[in-house]
Amino acid sequence: MSLVEIESFTLDVQVVEASARVIHEVSFKLEAGQSIGIVGESGSGKSLTLRAIAGLSPENSVVGGKISFQGEEVSAMDRERLMQYRSSQVAMIFQDPRSAINPVRKVGDFLTENVVTNLGWSKSDAKTKAIEVLTEVGISNPEKQLKAFPSELSGGMLQRVMIASNLLCQPDLLLADEPTTALDVTTQSSVMALIDQLRLSRGMAMIFVSHNLELATAVCDKILVMYAGRIVELLPAENLREKSRHPYTRALLDARPRLDGRQNRLNAIPGQPASGLEWTQGCTFAARCAFAQDICRSEVPVLRKIQESDVACHRADEIDWDVS
Ligand SMILES: Nc1ncnc2c1ncn2[C@@H]1O[C@H](COP(=O)(O)OP(=O)(O)O)[C@@H](O)[C@H]1O
Ligand SMILES: [Mg+2]
């Protein structure tokens, strides 16, 4: 049994009076201890997919298909079970730590509240463990920091507190949604290194959402590329740079800032990113794709296996990418 199994996941949101699909038939599996990076432009459905795994889909939405954690369907969990699931089995780190932490409560209360209220730990056990995890995430003088208010900590420190709060009860899965995007560049790399090191030492699985392909490749086993609410390519991370085949993946790679001096201009992908809400008859990327032909505008491509990749492109096996 896989740790997480997602089968034909769809998400319909209520927009004005009508319902519209933003996530289309997303299926993938995550094994225990494995890490998957979800990449794609803004609006491609990365956060909605990640949140659905935690049972946190928006109120105005309807989930279709099946999402299971250790064989148990997330949509079948009642309130109490969901609370337990989120407080002890899955951990979540979001982009902006300040929006996830109550500004008027002390750091110590934030850290211990969940385990005391939901898991029945004693206050003194929770405090001892909180000091232990704060030390583990590199916060010096943890006893003092327990009494601090969030406003007294920098963004990087606060993200470390968020990470610590997730480590109190040994979760099996870490869901991280652009965890370093809101931080300054130097803090970004130290926080990312911390997440990576803690994940590996604890054998946690991870789903890591990022628009930074380089970073996702460095910390993940597999890369899942989303466009307009669909998976367009799923492949081993080490194959991304040289063996990815979807024109969208190649365009994303090309759109990265290059540090090797060969090109210092940021190549944006022509056209506007599409969301899953946009209806098209064929491939949603066709409007922006240099390789699109008639079939691409009339038939939705399904994922098919080409060597080690799963690719949703009618022309994936014809295009010869020069990656030198
Ligand atoms: N609660 C919601 N109601 C309606 N549409 C939503 C809601 N949440 C997200 N969306 C739409 O779904 C699409 C995907 O969102 P999201 O998963 O947040 O994208 P990403 O994280 O890849 O930037 C976006 O186009 C967004 O506008
Ligand atoms: Mg997002």
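Model, not experiment: these values are computed from the prediction. (Residues numbered from 1 in each chain as written. Chains lettered and ligands numbered in written order. Predicted model: local features only at pLDDT ≥ 70, side-chain atom pairs only at ≥ 80, totals over all residues. Heavy atoms only, no water.)

Undergrad: Can you explain the overall build of the protein? Please cite residues and give values.
TA: Tallying secondary structure elements over the protein gives 11 helices and 12 strands in all. By the compact-globule yardstick of 20 Å for 324 residues, the protein fits well, its C-alpha radius of gyration being 21 Å. Evaluated residue by residue, the protein yields a buried proportion of 51% over its 324 residues. For the protein, contacts bridging at least 24 residues in sequence account for 64% of all contacts bridging at least 6. Carbon and sulfur atoms provide 49% of the accessible area of the protein, an area that totals close to 15800 Å². Where the 34 positive side-chain charges of the protein centre and where its 41 negative ones centre are 4 Å apart. (Helix = DSSP H or I, 4+ residues; strand = E, 2+ residues; numbered from the N terminus. Rg over C-alpha atoms; globule rule 2.2 N^0.38 Å. Buried < 20%, exposed > 50% of the residue type's maximum accessible area, 1.4 Å probe, protein only. Contact = heavy atoms within 4.5 Å. Areas by Shrake-Rupley, 256 points an atom, 1.4 Å probe, with all protein chains shown as cover. Lys, Arg positive; Asp, Glu negative; His and termini not counted. Charge placed at Lys NZ, Arg CZ, Asp CG, Glu CD.)

Undergrad: Residues and numbers for the UniProt feature "domain: ABC transporter" (unreviewed entry) in the protein, please.
TA: As recorded in UniProt, the feature "domain: ABC transporter" (unreviewed entry) lies at residues 4-253. Taken as a whole, residues 4-253 contains 39% helix and 27% strand, while its terminal C-alpha atoms sit 28 Å from one another. (UniProt positions renumbered as here; feature names shortened; annotations may be inferred.)

Undergrad: Can you tell me about the sheet that holds strand β5 (residues 72-73), naming the residues and giving the values?
TA: A sheet is described by the order of its strands in space; here four strands give the open sequence β2-β1-β4-β5, paired in antiparallel fashion. Each edge of the open sheet carries a strand with a single partner, namely β2 (18-30) and β5. For strand β1 (residues 4-15) and strand β4 (residues 61-69), the ladder comprises eight bridges, and the chain directions are antiparallel. Within β4, the position partnered with threonine 10 by the bridge is glycine 64. (Pairing = 2+ DSSP bridges.)

Undergrad: Give me the pairing of strand β7 (residues 173-177): which residues, what numbers.
TA: Most of β7 is tucked away, with five of its five residues classed as buried. Neither face of β7 is open: one carries Leu173, Leu175 and Asp177, the other Leu174 and Ala176, and all of them are buried. Relative to β7, strand β6 (residues 90-93) runs parallel, the two being bridged by four bridges. Looking at β7, one finds that valine 90 is bridged to leucine 173.

Undergrad: Just give me the short version of the sheet that holds strand β3 (residues 35-39), but keep the residues and values in it.
TA: Strand order in this open sheet of eight strands is β6-β7-β8-β3-β9-β10-β12-β11, and the pairing throughout is mixed. Sheet topology places β6 and β11 (304-306) at the edges, where each strand pairs with a single neighbour. Averaged over neighbouring strand pairs, the angle between their axes works out to 20° when direction is ignored. Packed onto the sheet, helix α7 (residues 185-202) meets β3, β6, β7 and β8 (205-209) and runs at close to 155° relative to β8. (Axes fitted to C-alpha atoms, helices over the stretch in contact; angles between N-to-C directions.)

Undergrad: Which residues make up a nonpolar patch on the surface, and what values go with them?
TA: A surface patch of nonpolar side chains, about 280 Å² in accessible area, is lined by Val15, Val16 and Leu277. Relative to the helices and strands, valine 15 resides in strand β1. (Patch = residues over 30% accessible without salt bridge, like charges linked within 9 Å, V, L, I, M, F, W, Y side chains within 5 Å. Salt bridge = Lys/Arg side-chain N within 4 Å of Asp/Glu carboxyl O.)

Undergrad: Please provide a residue-by-residue account of empty space enclosed by the protein, values included.
TA: Space left empty within the atom packing is revealed by a probe, the size of a water molecule, rolled over the atoms. Taken as a whole and assessed by the stated rule, the structure comprises two cavities of 30 Å³ or more. Empty space within the largest cavity amounts to approximately 100 Å³. What lines the largest cavity is a set of 15 residues, among which Pro247, Cys283, Cys289, Cys296 and Cys313 lie closest to the centre. Taken together, the residues of the lining of the largest cavity sort by class into 12 nonpolar, two polar and one charged. The calculated volume of the second largest cavity comes to roughly 30 Å³. Surrounding the second largest cavity, Ile93, Ile163, Leu167, Leu174, Ile195, Leu198 and Met204 form its lining. Only α6 (155-167) and α7 provide two or more residues apiece to the lining of the second largest cavity. When grouped by side-chain class, the residues that make up the lining of the second largest cavity number seven nonpolar, no polar and no charged. (1 Å grid on protein atoms, 1.4 Å probe; cavity = no way out; pocket = protein on both sides within 12 Å on 5 of 7 lines; lining within 4 Å. Points joined across faces, edges and corners; volume = space filled by probe spheres on them. Nonpolar A, V, L, I, M, F, W, Y, C, P; charged D, E, K, R; others polar.)

Undergrad: Tell me about the packing of helix α3 (residues 107-117) against α6, residues and numbers included.
TA: The N-to-C vectors of α3 and α6 enclose an angle of 25°; their axes lie 9 Å apart at closest approach. Taken together, the axes of α3 and α6 are roughly parallel relative to one another. For the crossing formed where α3 meets α6, the hand is right-handed. When α3 is examined against α6, the residues Val107, Phe110 and Leu111 are found in contact with a partner set consisting of Val161, Met162, Ala164 and Ser165. (Parallel < 35°, antiparallel > 145°, perpendicular 65-115°, else oblique. Left-handed = near helix turned anticlockwise from the far one by under 90°.)

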